[in-house]
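Architecture and fold: a report
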Amino acid sequence: MSKNSTSAEAGAIRQFDDIEREFGANTAKWLGAKADLLKSAFRRAAEFFKGIFGIVVFIALWEACSRFGVIDNIFIPPFSKICVSLWKLAWSGELGYHAHISLWRAMTGLGLGIAVSIPLGLLVG
């Protein structure tokens, strides 16, 4: 592997030397800078796709476990059913209402928890 990379590097160096002789040093530097930009762009793209791959694998495992009964569908439904339900609620206009009710319940629970825990914490010391 190192032999191939070394010969590839040597070939690239020869190409830049040829360009420098033909067009001048500025063009060779410009092409070197472009090559560095391409390398960094490919590295960023590879990192991005690594992250996407992890998410895709997680969703695929979630779907498979729900579909094959490893996880009970009552507790964790398949991802595809969640997406279909989300689409139907958004399309019908009911999503805002349901989001409002869910947010109201969560904030009420938080408020009750704070109302009980702060006086209790002060009482305990």
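First, a word on scope: everything that follows refers to the structure included in this document.

Cut-offs used in this document
- Residues numbered from 1 in each chain as written.
- Predicted model: local features only at pLDDT ≥ 70, side-chain atom pairs only at ≥ 80, totals over all residues.
- Heavy atoms only, no water.
- Helix = DSSP H or I, 4+ residues; strand = E, 2+ residues; numbered from the N terminus.
- Buried < 20%, exposed > 50% of the residue type's maximum accessible area, 1.4 Å probe, protein only.
- Areas by Shrake-Rupley, 256 points an atom, 1.4 Å probe, with all protein chains shown as cover.
- Salt bridge = Lys/Arg side-chain N within 4 Å of Asp/Glu carboxyl O.

**A look at the overall build of the chain**
The helix and strand tally for the chain stands at four helices and zero strands. The proportion of buried residues among the 125 residues of the chain is 4%. When the accessible surface of the chain is split by element, carbon and sulfur atoms take 72% of a total near 10,700 Å².

**Focus on the pattern of salt bridges**
One pass over the full model with this rule turns up two salt bridges. One salt bridge in this structure joins Lys-50 and Glu-47, with 3.4 Å as the shortest N-O distance. Taken together, the residues Lys-50 and Glu-47, both in helix H2 (residues 25–67) and three residues apart, mark about one turn of the helix. The salt bridge involving Arg-67 is made with Glu-63; its shortest N-O contact spans 2.8 Å. In this pair, Arg-67 and Glu-63 both sit in helix H2, four residues apart, roughly one turn of the helix. Here Arg-67 falls in the partly exposed class, since its relative accessible area comes to 46%.

This is a description of form; function is not addressed.
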